[in-house]
Amino acid sequence: MTMEKLIELKSVAAPLMEDAIDTDVIFPARFLLLLERDGLGRYAFNERRGGSEPFILDQPPYDKAQILVTGETFGTGSSREQAVWALADLGIRCVIARSFGEIFYSNCFKNGVLPIRLRGDEMAHIETAAEAGEEITIDLPAQEIRVADTTIAFDLDANRKRALMAGLDEICTILSDDADAIAAYEKRRASETPWLVLAPEQFGQIKTEEDAA
Amino acid sequence: MSPRTLYQKIWDRHVVTDYGNDEALLYVDRHLVQEVSSPQAFATIEKQGRKVRRPEAHVAVADHAVPTKRDGRRFADELAQAQVDRLKQNAKRHDITYLPMEGDRHGIVHVIGPELGFTLPGSVLVCGDSHTSTHGAFGCIAFGIGASECATVFAAQSLRQRRQKTMRVNLEGGLPDGVTVKDVILALIAKIGTGGGVGYAIEYAGSTVRGLSMESRMTLCNMSIEAGSRVGMVAPDEKTIAYLKDRPLAPKAELWDAAVADWMSLRSDEDAVFDHEITFDTSALVPQVSWGTTPEHTLPIDGVVPDPADIRDDGKREKMHRTLDYMGLTPGTRLSAIAVDTVFIGSCTNGRIEDLRAAAKVLAGRKAAPGIRAIAVPGSATVKAIAEAEGLDRVFREAGFEWRDAGCSMCVGMNDDRLSKGERSASTSNRNFEGRQGIGGRTHLMSPQMAAAAALAGHITDVRKYL
Ligand code: SF4
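Residues numbered from 1 in each chain as written. Chains lettered and ligands numbered in written order. Predicted model: local features only at pLDDT ≥ 70, side-chain atom pairs only at ≥ 80, totals over all residues. Heavy atoms only, no water.

J.: Tell me about the side chain of Asn 170 of chain B, and name the residues and values.
T.: Residues and elements named next belong to chain B. Within the secondary structure layout, Asn 170 lies in strand E9 (residues 165-172). Among the polar contacts listed, one links the side chain of Asn 170 to the side chain of Thr 279, at a separation of 3.3 Å. The contacts of Asn 170, once residues within four sequence positions are left out, are Ala 205, Glu 277, Ile 278, Thr 279 and Phe 280. (Helix = DSSP H or I, 4+ residues; strand = E, 2+ residues; numbered from the N terminus. Polar contact = N/O pair within 3.5 Å; in protein donor to acceptor, adjacent residues only side chain to side chain. Contact = heavy atoms within 4.5 Å.)

In structure tokens:
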């Protein structure tokens, strides 16, 4: 199983210059009832769209942006991965922010989206370029952002970088690399902390009668 | 071995493979499964042709989408019905225990985990829900994950994780009358900000924490995520043990004794060094209320709505204008002068028996102000049954509250209980985000006592006047 690989992006970056945009704003709760993970882009930022002024991601040239630039703690709040699915569905492959909600940050990597943390002058530089509609290049192998003649390096964990570049699915990676280690761990757990092992019989104590309906 | 924190000890015990650089494949002992984050996760493993590795390590329950007025018929909302049906089918197909809505074990994931004894000290517990931090009250590493990670846990019973930095929050001095742990956590978030805990696992310690019941410790750990921390925890003690004893899924007989011996030794070493440490005196705290659209927008009840004109940074000032506009508030208004239409007592933050008792104590013999819509929603069927045995349902009803069945209810705008545009609530839940309780809804977070007092007064007020 694979995800879409990410090596290099060249795109304008949509400036959504606001702090603390939470996942309820990115993907409102009522759409969580949907069972799909594809095609969710149309619900992204629902309450911010359709107003008198078009939302930034609906305005040219940003409607084609693959990069989103935003403020502090982007994606804070609920763990809903729909927030990332919806952004990815809109074509966003990279989010540059001053900081991220942690679960959102980790959800990005599972969906071929690169989250980049920048601060200070470097961030200010990207914000200016985004607002000017300049093309920004994200070079993942080099871990660099290039705008006009400026190059900005960014941090990224090596495993996550590899997974994004190869489009690796985490389940496949774990099961191919670590299946024996998991089995060995389970043996060890059964002898060292046996009370953590649930026996299927224990569940007999919880009635699971069928729904009346 | 060098001294270690509680978090580090439990982490070390769960490392399946150490990748170096503080990264590891971490074993997951327990997984709570709910209807919102699981359909795509089940679909993922099915598409890959994989099985659930250890079906007994998962318990499934529907809480977010379920109506809290139940009559045994199909839901009015077809989408919600389909989502709950899907969970039930998925659980059945993968041999996972499903707790039906009509059963006596049903409830919000973070309320039933501990009630069942599914949540245990020293374990690693996950759920596709950010408030999984709640379970850390038992001295386990519990954190919220996304749907892709839920699929990984189904298939591999483990997750690639980076070890968090550690922060100890010492809460000292106990709590004055009328002040609860909800006020403590709201005040703490106001102080350190919603980003203050990002990257840290928080351990709560100190005399105030030792004095807290398990229910209160859960409220505290629950809202760690609102400070940005995926993990909040409290070291196990006699209260933890007493809570868990004889719970259906807790260990029994000799296994219980061995477990207790281990749990009582599970604590941060005295000389363990935390990456960050703060001490917060709670002895003179007053009740807290949120005024804006993030939990850090919180002030003491005697405060006033802040004025954007006082803010120098352009971006922040504009954001505050926007927030006040959304909230329909004027700078300088006393918080205690803000009228509410709706009062919601419930959620995984404050839907436990202790919360209902505290609210009922304020309401006893009194009536909600005219025109107030007030609902009390127990966090689980168990909580509901205990409350009814104590006659609390009568107290709520006589005060003008609706008494509902368990579920997330108005904490999240994805079931029948919602705010409509411009409606304002006094709510015991955890998030006051735009649209969280319904499109255009305006949320003020507070303790159950404070929410009860707001119902009586018809506006936000200081509960200490009612004690
Ligand atoms: S009660 Fe609210 S916060 Fe808790 S699990 Fe339900 S929706 Fe999430």
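J.: Would you mind going over the interface of chain A and chain B in detail, with residue names and values included?
T.: One widely used convention gives an interface's size as the accessible area the parts lose upon coming together. Taken residue by residue, the interface counts 68 residues in chain A and 96 residues in chain B. Counting each side, the surface lost to burial between chain A and chain B is near 6,900 Å², with a carbon and sulfur contribution of 56%. Linking chain A to chain B there are 8 salt bridges. We note a salt bridge from Arg 436 of chain B to Asp 24 of chain A, for which the minimum N-O separation is 3.1 Å. There are 26 residue pairs in polar contact (both at pLDDT 80 or more) connecting chain A and chain B. At the level of secondary structure, the elements contributing two or more residues to the side of chain A that touches chain B comprise helix H1 (23-26), helix H2 (82-89), helix H3 (102-109) and helix H6 (170-192) of chain A. Sorting elements by how many residues they give to the side of chain A that touches chain B places H6 of chain A first, with 15 residues. (Buried area = accessible area lost by both parts, 1.4 Å probe. Salt bridge = Lys/Arg side-chain N within 4 Å of Asp/Glu carboxyl O.)

J.: An account of the nonpolar core is needed here, citing residue identities and associated values.
T.: If you look at the biggest cluster of nonpolar residues, it comprises 209 residues, and the most contacted ones within it are Phe 45, Phe 74, Ile 96, Ile 138 and Ile 145 of chain A together with Tyr 204 and Phe 396 of chain B. For Phe 45 of chain A, the residues in contact, after removing those within four places along its chain, are Leu 16, Ile 21, Val 25, Ile 26, Phe 55, Leu 57, Phe 74 and Leu 87 of chain A. The next biggest cluster of nonpolar side chains, apart from the first, holds 7 residues, and it includes Ile 174 and Tyr 185 of chain A together with Leu 25 and Ala 156 of chain B. (Core = buried A, V, L, I, M, F, W, Y, C linked by side-chain atoms within 4.5 Å. Buried < 20%, exposed > 50% of the residue type's maximum accessible area, 1.4 Å probe, protein only.)

J.: Kindly report on the site of the ligand, identifying the contributing residues and their values.
T.: His 64, Ile 108, His 110, Asp 129, His 131, Ser 347, Cys 348, Cys 408, Cys 411, Val 412, Asn 430 and Arg 436 of chain B make up every residue found near the ligand. The two domains that each donate at least three residues to the shell around the ligand are domain 1 (18-162) and domain 3 (288-466) of chain B. (Near = heavy atom within 4 Å. Domains from an automatic or database assignment.)

J.: Would you mind going over the pairing of strand E6 (residues 124-127) of chain B in detail, with residue names and values included?
T.: Residue and element names in this part refer to chain B. Burial along E6 is two-sided: Val 124 and Val 126 facing one way and Leu 125 and Cys 127 facing the other are all buried. Pairing between strand E3 (residues 30-33) and E6: 3 bridges, direction parallel. Along E6, the bridge assignment pairs His 31 with Val 126. Of the strand pairs in this sheet, E6 and strand E7 (residues 141-144) are connected by 4 bridges, and their pairing is parallel. (Pairing = 2+ DSSP bridges.)

J.: Describe the sheet that holds strand E5 (residues 97-99) of chain B, naming the residues involved and giving the relevant values.
T.: Residues and elements named next belong to chain B. What the 5 strands build is an open sheet, ordered E5-E4-E3-E6-E7; its pairing is parallel. Looking at the sheet topology across the chains shown, the edges are occupied by E5 and E7. Averaged over all neighbouring strand pairs, the angle between strand axes comes to 20 degrees, with direction disregarded. Taken together, the 3 bridges between strand E4 (residues 58-61) and E5 define a ladder with parallel strand orientation. Bridge assignment links Ala 60 to a residue of E5, and that residue is Tyr 98. (Axes fitted to C-alpha atoms, helices over the stretch in contact; angles between N-to-C directions.)

J.: Describe the packing of helix H13 (residues 353-363) of chain B against helix H14 (residues 381-389) of chain B, and please don't skip the residues or the numbers.
T.: Residues and elements named next belong to chain B. Two elements in contact, H13 and H14, have axes separated by 9 Å at closest approach and are oriented at 40 degrees. Here H13 runs over H14; the crossing is right-handed. Along its contact with H13, which presents Ile 353, Leu 356 and Arg 357, the element H14 presents Val 383, Ile 386 and Ala 387. Split into classes, the residues belonging to the contact of H13 with H14 amount to 5 nonpolar, no polar and 1 charged. (Left-handed = near helix turned anticlockwise from the far one by under 90°. Nonpolar A, V, L, I, M, F, W, Y, C, P; charged D, E, K, R; others polar.)

J.: Describe in detail unusual backbone geometry, supporting the description with residues and values.
T.: Trans is the common state for peptide bonds, and a negative phi is the common state for residues other than glycine. Residue Pro 61 of chain A is reached from Pro 60 of chain A by a cis peptide bond, and omega for that bond is 0 degrees. With respect to the secondary-structure elements, Pro 61 of chain A resides in the loop between H1 and strand E2 (67-70). At Phe 45 of chain A, a residue that is not glycine, the phi angle is positive and equals roughly 50 degrees. Summarising the element assignment, Phe 45 of chain A is placed in the loop between H1 and E2. If you check the backbone angles, Asp 246 of chain B has positive phi at about 70 degrees while not being a glycine. Looking at where Asp 246 of chain B falls in the secondary structure, it is placed in the loop between helix H9 (238-244) and helix H10 (253-264). Of the residues examined, Asp 246 of chain B reaches a relative accessible area of 59% and is grouped as exposed.

J.: Provide a residue-level description of the packing of aromatic side chains, including the pertinent values.
T.: Per the counting criterion, the structure on display carries 15 aromatic pairs over all chains. A centroid spacing of 5.2 Å and a plane angle of 65 degrees characterise the contact between Phe 138 of chain B and Tyr 243 of chain B, whose relative ring orientation is edge-to-face. Pair noted here: Phe 138 of chain B is in the loop between E6 and E7 and Tyr 243 of chain B is in helix H9, with a separation of 105 residues, a long-range link. Across the pair, exposure class does not vary: Phe 138 of chain B and Tyr 243 of chain B are buried alike. Members of the aromatic cluster, each reached through a chain of ring pairs, are Phe 74, Phe 100, Phe 104, Tyr 105 and Phe 109 of chain A. Positioned above the aromatic ring of Tyr 105 of chain A is the side chain of Arg 117 of chain A, whose terminal nitrogen or guanidinium carbon lies 4.1 Å from the ring centre. The ring of Tyr 200 of chain B carries the charged tip of Lys 165 of chain B above its face, separated from the ring centre by 4.6 Å. (Phe/Tyr/Trp six-rings, centres within 6.5 Å; stacked < 30°, edge-to-face > 60°. Lys NZ or Arg CZ within 6 Å of the ring centre and 35° of its normal.)

By themselves these figures say nothing about function.
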